[in-house]
Every structure is written in structure tokens, then in C-alpha cells.
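# Structural overview for review
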Amino acid sequence: MEWQHTVYMYPMLLSAVISMVLVAYGTAHVYRNGGRPVTLAFVGLNVTIAIWTSLTAFKVLGSDPAVKLLAFKAFHVGSTFASPMFLVFALAYTDNDEWLSRRTLAVIFTLPVLTLLALFFNPNSIGILDWELITHGGLTTLEVQSGPASVVRIAYGLVLDLLAVGVIGWYALRAGWSSRNQVASLLVGIVPPAVVIYLELTDVYPPGGVGVNLVPASLAFTSLGFGIAVFRYKLFDIRPLGYRTAVEQSPNGIVILDEDETVRYANETASESLEREPLSIGEQAEVAVPGYEHLRTEEGPVTITLGQGDGRFFDLRRRTIERRGSTVGWIISMNDVTPQRTSQQALEEQNQRLEAFADVVSHDLRNPLNVAQIHVDFAHEKLDGDDENLDTASAALTRMEDIIADVLTLARQRQPVEDHEPVTLSSSANEAWEMVDTAEARLRVESDLAFEGATDRLQRLFENLFRNAVQHGAEDVTVAVGALDERSGFYVADDGPGIPEDQRDRVLESGYTTRPDGTGFGLAIISEIADAHDWTLTVTESEWGGARFEISGVTTRTRLHESVQ
């Protein structure tokens, strides 16, 4: 058989080679990672392109009429199924796998199969009306007059191509920037064949292209675009594989239910958490997932305990999967909250011990202390108050009462604040100032702040800070209260002697004091109140060289204009 030459065979052969490389790479990927829909569809699409382009090149190169006609029919195996495979790939690539049911695939491929059979057997010239060889520019080509079935096949293919481009294009609009280069590589590869089809419909051909089907030659751009998407932008590794990988490798247990509330998928974490290896597919959710019945009625998380002994705690959440407004299933997420629950239990036990300790301090210690104080006072009366030893004993008992009161306050202020109330800086500071023996001291409220806190504890915080300023400063000490400039919170500052830098952390410790008559619990109580609110307490120096206590992390409501009290 004689052979002929045309430059248009080179892009056809290039497309065939690239497509076969992609088929080999995709097949190897399926072998290593399993037959995911997007990979299988991609392999199938490139098989059709390889058949289409290689056999078209063979048809063009051959000069024997019988060989040309056979090659013409054979390459239609590729061209006929290329458009349906492109649509299938588009659906799989954009995570619309639900459309790839057997029924849908049957609908997509039935017409191409029928038109291909009509082409090969050609009953009543339904596939081919007539054909002839023509020579133009020294190149002999096969000119075929298409029958009705072929016209339907071509129109149907164009419709499927438009649908596929629309599906991928819509996905591109919703995809993140990390995926758009990948999508662009796919769509750009589709443009040249579309342009060539339009030119051929308008009888516009490039030099030497008359009688040659140039669509297979333009598929070289398509194959290059696909190759870039695969090797440069990791087509198989990002979408939709990324979704499944994220679920499979999630530290949380994931269970997917269908509309009948039966298990359709469970990742390894869920199986391990439920101590089921693996979780049975098709099992009812109420049987497979403990506590599932509560998820139907409760909006928030449901906590369950699994395992023997101490067990492990999990928060379960159920989210609806919807498609076109209808519920098609649910996702159950299992978050292991054992560390948080263990810490919470330990905190609750600690609080219970503190409450018990507070009861002991309040009753069991105070009662004998009160008895001792009564006897000392009685002895004072009998001796007309003239006994130095009794004076010392009375002072010691008074100090013990102060220490007990502070210890009791310290224990109770450690309880976390649960109920926050709207408070203002000025009202809280002024009310606390009235409760402290301030002598000649002066309070300045330099700015106001509306925030949330526990009113009674906030007043105790201000009282202790004011008392600390008065006790360690001069009689006419000035105390300033205001809002922080760069952080959410407030400060209390004075113009007293201040706190040395090396002692600023120690002053917040229980029992630390620099005064002979001090209990060492005043500032420790302030620290506990701040911690109970989840605030941060910082000790620093004021602008006058005195002490400055900053409370940050406050939940503010409104920042008001500066005012001075």
C-alpha cells in the first residue's frame, strides 16, 4: 500500500502519543490507588482520543480506498465515545458522582452505541449516504456524505461537550485558587477543537487542509492541556481525591448515613472509636452509633462514653446532606473530648474539695475561734482590760479571723464565672471605693468602659486593689482607674511607692506580704478573680512610679468618653 504525507498528521500522532502516555499513567494510578471515578473516566476519555487521533492519521496517510474506508469507520469508535466520556469525566471531576449511576450511564451511551452500529452496518444508508476519493494539492482524501444517524451522532456529541464544559466551568467559578490552574488547563485544551469545528462548519480550511478532518489534529492541544493538568497541577491528587483523603485521615470519626439512616461509609477513626473493625456497611445507625437516637432531637452535640473503666468521651454531631433541597443522608462526626472531660472532672473534684475546705474554715475553725475570743473578752472585763498577755491573745485571734476570712474568700473566688452581667467601670469602681477606708486618698476614673463580669467579684477585686494602694501608699495617695488603650480591659494605678520589678510576680502569691499585719491574700484573691473570669492580670509600674495593675482579655460592650471622678 502506498503512503502519502501531510503536515497535519504530526499533531494527530502527537495527540495519540500523549493520550496513550496519560492512559498508561492513569492505569498505573488506578492499580496503586484503586478505581476512583475521576481516574477511570480520565483513562476512558484518553483511550477514545488515542483511538480517534491514531486511526485518523492512518486514514490520512493511507492511499488505498478500502483501507481509508475501514480506518474511517474505525476511528469513529473513538470519536463517537469521546463526548460521552468527556461528560462522565466532567461529572466525576466536579464531585457529582451521584449522577454516574448505571441508569445515567446507560442513557448517556445508548445513542452513541446505536449511531456507531448504524455507521458500521449502514442499513438503508442511515450511516453513510455516499463516499468518494478526492485529490487536492497532491493529497488524496476520503470525502463522506453523512447519513441521518451520523448527523444525529455529531449533534449529540456537541450537546454533551457543551454540557461537560458548562459543568467544569461552573465548578471553576466555585473552586479555590489552588484548583483554578488545574481547571484552566482542562478548559484551554478544549478551545482549539471547538474553534476547528466552527471553522469546518463555515468551510474555512487552512492551507493543505481541504478534505482533512482537522479536529483530531487540534486534539493535540487537548492532550497537552490534560497532560499539564495531570503532571503539573496534580489532577489525580487534588479533586475529588482531596475530599475523600480529608475524611479518611480526619482525626475525628466520620460516619456517613443514607436517607434510610443506614451506614454507607465510616473512616478508620470512627471504627477504632466505636471499637468496630470495620464498621458494618448497611447497619442501622441506632445499632452502629451509641446515642444516635438523641441526635434526632438535640441540635447541639451529644456526649457519649465508650469503653470499659474510665472510658473515653466523644461529642457526636449530626449534619444533614442535602441535594437540590432534599435530604439524602447525614454525616455524623465524632470528636474525642476525653482530655477536656477529664480536666473538667478534675476541676469539678477540686472545686468540691475547695467547697468542703471552705465549709471547714467557715464552721469548724470559726466556731472554736469565736469561743476563744469570747473567753478573752470575758477575761478582759474581769481584769478591767489591764493585761498585756490578753491584749496579745486578742490581737492574734483577730488576725486569725482576718486570715480565715481571706482564705475563705480565696477558695470561693476560684470558681469559674458562669453568669456574666453588664457592668461599667465607673459604677463598679465608685461602689467599691465607698466600701474601703480610704482616709485622704483620692479616686480618679479617667475613662469608662462597659463590659461583662460578675458584679460581686468585680467589686471585691476593686476593694482589694484600693485597699492595697491605701495601705502601701501615703494617706493622700491618688488612685486612677481607666480603660487600656491597646487591649480590651482596664487598669488600676496609684502614685505610691510602687512594687519592685523582682517582686511583681510574687505579690500575687498566696501568703506573700510585706506588712507585719498583712495576711498575704489580698492580691492573690485579685489574681483568682481574674482567672475565674478568664482575664489576664499584669503588674507593672504606673506613670507616677507607683503600682499599676492591668486586667486584659475583658469582653467589652461599649467604650465611653473620658470622664474624671
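Here's a quick rundown of the structure. Everything quoted here is computed from the prediction, not taken from an experiment. (Residues numbered from 1 in each chain as written. Predicted model: local features only at pLDDT ≥ 70, side-chain atom pairs only at ≥ 80, totals over all residues. Heavy atoms only, no water.)

### Quick look at the pattern of salt bridges
Where we set the bar: The term salt bridge refers to a side-chain nitrogen of Lys or Arg lying within 4 Å of a carboxyl oxygen of Asp or Glu. The numbering of helices and of strands both runs from the N terminus, where a helix is a DSSP run of H or I of at least 4 residues and a strand a run of E of at least 2. For every residue, the accessible area obtained with a 1.4 Å probe (protein chains only) is divided by the maximum for its type, and the residue is called buried under 20%, exposed over 50%, and partly exposed between those limits.
Taken as a whole and judged by the stated rule, the model has seven salt bridges. A salt bridge links Arg296 to Glu286; its shortest N-O distance comes to 2.4 Å. On the criterion of sequence distance, the pair formed by Arg296 in the loop between helix 12 (292-295) and strand 5 (302-306) and Glu286 in helix 11 (residues 285-288) is long-range, its members being 10 residues apart. Residue Arg296 is classed as partly exposed on the basis of its relative accessible area of 37%.

### Regarding the nonpolar core
Filter applied, for reference: Nonpolar cores were defined as sets of buried Ala, Val, Leu, Ile, Met, Phe, Trp, Tyr and Cys residues, with membership established by side-chain atoms within 4.5 Å. Contacts were defined at the residue level, with two residues in contact if any of their heavy atoms lie within 4.5 Å.
Phe42, Phe89, Tyr93, Phe226 and Leu235 are the most contacted members of the largest nonpolar core, which has 53 residues in total. Here the element with the most residues in this core is helix 3 (residues 65-93); it accounts for 14 residues. Once residues lying within four places of it in the same chain are set aside, the contact partners of Phe89 are Val38, Ala41, Phe42, Leu45, Leu186 and Leu235.

### Observations concerning a nonpolar patch on the surface
Defined as follows: Candidates for patches are residues over 30% relative accessible area with no salt bridge; among them, like charges are joined within 9 Å and nonpolar side chains (Val, Leu, Ile, Met, Phe, Trp, Tyr) within 5 Å. The accessible surface values rely on the Shrake-Rupley method and a 1.4 Å probe; as for residues, cover is taken only from the protein chains in view.
A surface patch of nonpolar side chains, about 540 Å² in accessible area, is lined by Val77, Val113, Leu114, Leu117, Phe120 and Phe121. When residues of the nonpolar patch are assigned to their parent elements, the largest contribution, five residues, is made by helix 4 (residues 102-121). Note on placement: Leu114 falls in helix 4. Classification of Leu114 as partly exposed rests on a relative accessible area of 49%.

### Topic: the pairing of strand 13 (residues 536-541)
Rules: Strands were regarded as paired on the criterion that DSSP finds at least two bridges between them.
In this structure, strand 13 lies alongside strand 14 (residues 547-552), joined through six bridges in antiparallel fashion. Within strand 14, the position partnered with Thr536 by the bridge is Ser552. The hairpin formed by strand 13 and strand 14 contains five residues between the paired strands, and Gly545 there has a positive phi angle of roughly 95°.

### Focus on the sheet that holds strand 13
Stated precisely, the cut-off is as follows: For helices, the fitted line uses only the C-alpha atoms of the stretch in contact; every axis is such a line through C-alpha atoms, and the angle between N-to-C directions lies from 0 to 180 degrees.
With mixed pairing, the five strands of this open sheet are ordered in space as 9-11-12-14-13. The open sheet terminates on both sides in strands that have one partner only, identified here as strand 9 (442-445) and strand 13. Between one strand and the next, the sheet's axes are offset by a mean angle of 15°, whatever the strand orientation. Pairing of strand 12 (residues 489-494) with strand 14, which is carried by five bridges, proceeds in the antiparallel orientation. If you follow Val492 over to strand 14, its bridge partner there is Phe549. Each of strand 9, strand 11 (478-483) and strand 12 touches helix 15 (residues 425-434); the most contacted strand, strand 9, lies at about 170° to it.

### Notes on the packing of aromatic side chains
Put simply, the rule reads: Paired rings are identified among Phe, Tyr and Trp, the last through its six-membered ring, by centres lying within 6.5 Å, and are further divided according to the angle between planes into stacked (under 30 degrees), edge-to-face (over 60) and tilted (the rest). Sitting over a ring, as applied to charges here, requires NZ of Lys or CZ of Arg to be within 6 Å of the ring centre and within 35 degrees of the ring normal.
Under the definition given, this model contains 13 aromatic pairs. Pairing Phe42 with Phe226 gives two aromatic rings, centres 5.7 Å apart and planes at 55°, and the pair type is tilted. Of this pair, Phe42 sits in helix 2 (residues 37-61) while Phe226 sits in helix 7 (residues 215-232), and the two are 184 residues apart along the sequence. You'll find Phe42 and Phe226 in the same group, each marked buried. Connected via pairs of aromatic rings, a cluster forms that spans Trp433, Phe451, Phe462, Phe466, Phe490 and Trp535. Above the plane of the ring of Tyr491 lies Arg548, whose end atom (NZ or CZ) is 4.1 Å from the centre.

### Considering the packing of helix 1 (residues 9-33) against helix 2
Heads up, the rule is: We call two directions roughly parallel when the angle between them is under 35 degrees, roughly antiparallel when it is over 145, roughly perpendicular when it lies between 65 and 115, and oblique otherwise. For a crossing to be left-handed, the near helix must be turned anticlockwise from the far one by less than a right angle; the clockwise case is right-handed. Throughout, the ten residues Ala, Val, Leu, Ile, Met, Phe, Trp, Tyr, Cys and Pro are labelled nonpolar, Asp, Glu, Lys and Arg are labelled charged, and all others, Gly among them, are labelled polar.
Two elements in contact, helix 1 and helix 2, have axes whose closest approach is 8 Å; the angle formed by their N-to-C orientations is 155°. Classified by the angle between their axes, helix 1 and helix 2 sit roughly antiparallel to one another. Helix 2 is crossed by helix 1, and the crossing has left-handed handedness. Partitioning the contact of helix 1 with helix 2 into residue classes produces 17 nonpolar, 10 polar and no charged.

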